[in-house]
Amino acid sequence: MLTNPVYDPFLILTKVYSDGAHVKQAIADTYIEEQYRSRTVKIVYGVLENDLYFDYCIRHYAPKAPKLAVRTILKISLYMLLEMEKKRYMVTDCAVDLCKKLGKSGVSGFVNAFLRRFDKNAVDEKLKGEKDGEAIALSYPVFAYEMLQKEYGSRAKAIAAARSKGVSVRFEKNAEKYENKPHSKTPFAGNYIFENFVRDEGFDKGEYTFQSVGSIAICDCVAPCESLLDCCAAPGGKSVLLAKKCGQVTAFELHAHRVELIRQYKARMGVENVTEMQKDSSLFDAEYEEKFDAVLCDAPCSGYGTISENPDIKIFRKKEDIAALEKSQSRILDAVCRYVKKGGALYYSTCSLFECENDKTVEKFVKSHADFSVEKLESPLSHEKKKYGLQFLPDAAYGAGFYVCKLRKKS
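Presented here is a report on the structure given in the accompanying data block. What you see is a predicted model; the values in this text were computed from it and never measured.

Procedures and definitions
Residues numbered from 1 in each chain as written. Predicted model: local features only at pLDDT ≥ 70, side-chain atom pairs only at ≥ 80, totals over all residues. Heavy atoms only, no water. Helix = DSSP H or I, 4+ residues; strand = E, 2+ residues; numbered from the N terminus. Expected span 1.5 Å × (residues − 1). Buried < 20%, exposed > 50% of the residue type's maximum accessible area, 1.4 Å probe, protein only. Contact = heavy atoms within 4.5 Å. Pairing = 2+ DSSP bridges. Axes fitted to C-alpha atoms, helices over the stretch in contact; angles between N-to-C directions. Parallel < 35°, antiparallel > 145°, perpendicular 65-115°, else oblique. Left-handed = near helix turned anticlockwise from the far one by under 90°. Nonpolar A, V, L, I, M, F, W, Y, C, P; charged D, E, K, R; others polar. Salt bridge = Lys/Arg side-chain N within 4 Å of Asp/Glu carboxyl O.

Examining helix α15 (residues 256-268)
Next, step 1: For α15, with 13 residues, the first-to-last C-alpha span of 19 Å sits near the 18 Å given by 1.5 Å per residue.
Next, step 2: Of all the positions in α15, only Val259, Ile262, Tyr265, Lys266 and Arg268 are classed as buried.
Next, step 3: Those residues of α15 that are buried lie in contact with α12 (201-204), β4 (208-210), α14 (237-242), β6 (246-253) and β7 (274-278).
Next, step 4: Of the residues one or two after α15, Gly270 is the one with positive phi, at around 70°.

Okay, here's the thing in structure tokens:
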């Protein structure tokens, strides 16, 4: 029996749009027909990546905004039509059929007419005359695109248009088993980017893990030491990788369920020198004062460097959120810098593209902490050197956008 390809994506996207669920959690919490999982996930991510543009398409043909359920069906249909190049009659039939199954027969005529009349060329021609047309065409929130343009000039379009180059896999062993799959090498040992990669028993055995090339680049910048604190550690990828070159890693995490993620991660990878605990890194704890040779502060941020993997960020993250995040980043730095031993290192990192969360945050920190100074960093991954740190940009770093800076505490 044939399945309606719109149905499972509709269930997942409804959780994202209506309930505010993060896309990865929405997928995990939804029963999906397993044989069509890859198709469903592709559609869900594709719709979220193109959300702003699809909204514009719908407004162009719908004088009155359809309700959320109908908009979601139309967005799925537009993705299948434009990006998957499915036949118009097939997409239309599936969309109309789902309307009826959802008890929305009254709008099935509108959905049918919309999809039969839709003309991408007409939409794109009108979009050229829009003030924010370039941002909408790229499905990049206007405020964020303006920030990119201000900071990166003509490169902003390439940064906004960049997509992940594939699935980033870091191998601990037996990488040769997977070398027949189409892939490319990164500058980091054991890290490959695959066009497609289906998780198998090797994952559960700890032979490999999924970790972004940007995350690996940050760990590569951290020098070996005896004791390291990863102060915003979940889900644990950096803690586990850094345990290979640090004697003992302590992993702080605010939320209990995310502490459990670290515990599961280290157990799967067979790592024993990581100690995870629930702790708010923005609140200083005298027990840990000057206890660590190094502290990694991978701070909460806007996440715009990872929108290829987390396209729901473009929907949920608002301009006003960034100012609040900047304050949080400074609070955490102010607290955890006191955990660094004299002569030790403090690493600050984000998955943001914006100077206000990166170099500006570091600048505020060094101005108010005379006992710290910035040290130069190098990385084999393509980057821009900023005044204080390194900025990895998605158009040149396999789709990854990250920042890292190293500071040294005076002896």
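Description of the sheet that holds strand β2 (residues 183-185)
Next, step 1: Strand order in the open sheet made by the 4 strands is β2-β3-β1-β4, with antiparallel pairing throughout. Of all the strands in the sheet, the pair left with one neighbour each is β2 and β4. Along the sheet, successive strands turn relative to each other by an average axial angle of 30°, direction set aside.
Next, step 2: Bridge count for β2 against strand β3 (residues 191-194) is 3 bridges, and the pairing is antiparallel. When the bridges of β3 are listed, His183 appears paired with Phe194.

Describing the packing of helix α1 (residues 7-19) against helix α5 (residues 68-82)
Next, step 1: It is the contact of α1 with α5, at a shortest axis distance of 10 Å, that shows an interaxial angle of 125°. Considering their axes alone, α1 and α5 lie oblique with respect to each other. Between α1 and α5 the crossing geometry is right-handed. Along its contact with α1, which presents Pro9, Phe10, Leu13, Tyr17 and Ser18, the element α5 presents Leu68, Ala69, Thr72, Ile73, Lys75 and Ile76.
Next, step 2: Across the contact of α1 with α5, the residue classes break down as 8 nonpolar, 2 polar and 1 charged.

Examining the pattern of salt bridges
Next, step 1: Across all of its chains, the model carries 31 salt bridges by this definition.
Next, step 2: A salt bridge links Arg258 to Glu253; the nearest nitrogen and oxygen atoms lie 3.3 Å apart.
Next, step 3: The exposure class of Glu253 is buried, given its relative accessible area of 8%.
Next, step 4: Between Glu276 and Arg263 there is a salt bridge, with the nearest N and O atoms lying 3.0 Å from each other. With a gap of 13 residues between them, Glu276 in strand β7 and Arg263 in helix α15 connect regions that are remote in the sequence.
Next, step 5: Residues joined in a network through salt bridges with shared partners are Arg155, Glu384, Lys386 and Asp395.

None of the figures reported here should be taken as evidence of function without further support.
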